[in-house]
Amino acid sequence: GENVEQHPSTLSVQEGDSAVIKCTYSDSASNYFPWYKQELGKGPQLIIDIRSNVGEKKDQRIAVTLNKTAKHFSLHITETQPEDSAVYFCAASKPYNTDKLIFGTGTRLQVFP
Amino acid sequence: ETGVTQTPRHLVMGMTNKKSLKCEQHLGHNAMYWYKQSAKKPLELMFVYSLEERVENNSVPSRFSPECPNSSHLFLHLHTLQPEDSALYLCASSQEGGSEQYFGPGTRLTVT
């Protein structure tokens, strides 16, 4: 079955710097890749997603890139702010099985002012 | 707020107790999910209900029993749990066949 690996497990950056979180997946049939942000005491919140028919998607300060050949995708946060501090999860799912998201283990991002 | 609410937010129960977790979604979705979130482990999908029918049961022990009386409500009935069942239990909803899942805030369960 699908396996999603996420790195790093923790990431500390200075406010204003960029942060990059990477995920790899094992099943080449996967075609949907969301990213979730989980703040303390809250459930995961979908922040951006990408499908395998595009290589990059951007929404203000966050962007996601996908390399289908290498089977990896990354989350990029530019101009980080203290409120970006949270745990970020990547996930993957296959066509016609999009109810079954396979999640990575999470990255704890800390942005220091 | 995501439109998915969960109660209670915190629960402490003994191994011989019976309790229930409740989830309600106000998004008009027709698929609902239970996940277990443990420290340093990926979110584990437990159950999926689509159009009020259970379509996924990921080898979850029978001490966890889900119930979906309608498309807006989902319950997780708990009995004779073990300490290793202590975790954050998250509910999510989506449109059936859709990929975007919206999560509730979770119930922090501690089994003593």
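Bear in mind the structure is a predicted one, so any value in this text is a computation, not a measurement. Residue indices follow the written sequence of each chain, beginning from 1 at its first position. The naming scheme follows written order: chains are lettered A onward, ligands numbered 1 onward. Given that the model is predicted, a residue must reach a pLDDT of at least 70 before its local features are reported, and side-chain atom pairs must reach 80 or more before they are shown or counted; all residues, however, enter totals for whole chains, interfaces and linings. Hydrogens and water are ignored here; the side-chain numbers use all heavy atoms of the structure.

Student: Which parts of the structure should I look at to understand the overall build of chain B?
Tutor: For chain B, the count of helices and strands is 0 helices and 11 strands. What counts as a helix is a DSSP run of H or I of at least four residues, what counts as a strand is a run of E of at least two, and both are numbered from the N terminus. The N-to-C order of helical and strand elements in chain B reads β-β-β-β-β-β-β-β-β-β-β. Its C-alpha atoms give chain B a radius of gyration of 13 Å, near enough to 13 Å, the size a compact globule of 112 residues would have. Expressed along its principal axes, the backbone C-alpha trace of chain B runs to roughly 35 × 25 × 25 Å. Throughout this description, buried means an accessible area under 20% of the type-specific maximum (1.4 Å probe, protein chains only), exposed means over 50%, and partly exposed covers the range between. Among the 112 residues that make up chain B, the fraction classed as buried is 48%. In this setup the radius of gyration rests on C-alpha atoms only. A globule is expected at 2.2 Å times the number of residues raised to 0.38.

Student: I would appreciate a short explanation of the nonpolar core in the present structure.
Tutor: For soluble globular proteins, nonpolar side chains are generally found buried alongside one another. Of all hydrophobic cores here, the largest spans 23 residues; its most connected members are Phe33, Trp35, Phe73, Leu75, Ile77, Tyr88 and Leu109 of chain A. Secondary structure elements with two or more residues in this core: strand S2 (10–14), strand S3 (19–25), strand S4 (32–38), strand S5 (45–51), strand S7 (62–67), strand S8 (72–77), strand S9 (86–92) and strand S11 (107–112) of chain A. Residues count as neighbours in contact if any of their non-hydrogen atoms are within 4.5 Å of one another. Those residues in contact with Leu75 of chain A that lie beyond four places of it in its chain are Ala19, Val20, Ile21, Trp35, Ile47, Ile48, Ala63 and Tyr88 of chain A. Among buried residues, the Ala, Val, Leu, Ile, Met, Phe, Trp, Tyr and Cys ones that are joined through side-chain atoms within 4.5 Å form a nonpolar core. Among the nonpolar cores identified, the runner-up in size contains 22 residues, and Val4, Trp34, Tyr49 and Val111 of chain B belong to it.

Student: Can you walk me through the sheet that holds strand S3 (residues 18–25) of chain B in this structure?
Tutor: Backbone-to-backbone hydrogen bonds pair the strands of a sheet. The strands run either parallel or antiparallel. Residue and element names in this part refer to chain B. Note: two strands are recorded as paired if DSSP finds a minimum of 2 bridges between them. Strand order in the open sheet made by the 4 strands is S1-S3-S8-S7, with antiparallel pairing throughout. Each of the sheet's edge strands pairs with one partner strand only, and the pair in question is strand S1 (4–7) and strand S7 (64–70). When strand polarity is set aside, the average angle formed by the axes of neighbouring strands in this sheet is 20°. Examined bridge by bridge, S7 and strand S8 (residues 73–79) share 5 bridges and lie antiparallel to one another. Along S8, the bridge assignment pairs Pro66 with Leu76. Axis lines are fitted through C-alpha atoms, for helices just across the contact stretch, and the angle between N-to-C directions can take any value from 0 to 180 degrees.

Student: Help me out: how do you make sense of the pattern of salt bridges in this one?
Tutor: Side chains that differ in sign of charge can pair as their charged atoms come close. Residues and elements named next belong to chain A. Here a salt bridge means any side-chain nitrogen of Lys or Arg lying within 4 Å of a carboxyl oxygen belonging to Asp or Glu. With the rule as written, the count across this model stands at 6 salt bridges over all chains. The residue Glu39 makes a salt bridge to Lys42 at a minimum N-O spacing of 3.8 Å. For Glu39, a relative accessible area of 28% corresponds to the partly exposed category. The residue Lys57 makes a salt bridge to Asp49 at a minimum N-O spacing of 2.9 Å.

Student: How should the interface of chain A and chain B be read in this particular structure?
Tutor: Note: interface size is frequently given as the accessible area lost on complex formation between the parts. Listed per partner, the contact involves 18 residues of chain A and 21 residues of chain B. For the pair chain A and chain B, the number of links is 0 salt bridges. Definition of a polar contact: a pair of N or O atoms within 3.5 Å, with one able to donate and the other able to accept a hydrogen when the atoms are protein atoms, and with sequence-neighbouring residues admitted only if both atoms are side-chain atoms. Counting across the chain A and chain B interface gives 3 residue pairs in polar contact (both at pLDDT 80 or more). Put simply, the parts of the chain that give the side of chain A that touches chain B at least two residues each are S4 and S5 of chain A.

Student: Where do I start with the side chain of Lys37 of chain A in this structure?
Tutor: All names here are of chain A. In this fold, Lys37 is placed in strand S4. Charge assignment: positive for Lys and Arg, negative for Asp and Glu; neither His nor the chain ends contribute. The side chain of Lys37 is buried and forms no salt bridge, while Glu39, the nearest opposite charge, is found at 4.2 Å. A polar contact of 3.0 Å, which involves the side chain of Lys37, links it to the backbone oxygen of Glu83. In this view, Lys37 contacts Gly43, Pro44, Gln45, Ile47, Glu83, Asp84, Ala86, Val87 and Tyr88; residues no more than four positions away in its chain are not counted.

Student: Where do I start with the layout of surface pockets in this structure?
Tutor: To find leftover empty space, one rolls a probe the size of a water molecule over the atoms. Estimates place the volume of the largest pocket at around 740 Å³. Every definition here rests on a 1 Å grid over the protein atoms only: cavities are sets of points where a 1.4 Å probe fits but cannot get out, pockets are open sets enclosed by protein on both sides within 12 Å along at least five of seven lines, and lining residues have some atom within 4 Å of a point. Lining the largest pocket are 28 residues, with Gln38, Val87, Phe89 and Arg108 of chain A together with Gln37 of chain B sitting closest to its centre. Broken down by secondary-structure element, the contributors of at least two residues to the lining of the largest pocket are S9 and S11 of chain A. Three residue categories are used. Nonpolar comprises Ala, Val, Leu, Ile, Met, Phe, Trp, Tyr, Cys and Pro, charged comprises Asp, Glu, Lys and Arg, and polar comprises the others, including Gly. For the lining of the largest pocket, the per-class residue count stands at 8 nonpolar, 13 polar and 7 charged. Grid points are joined across faces, edges and corners, and a volume is the space filled by probe spheres set on the points.

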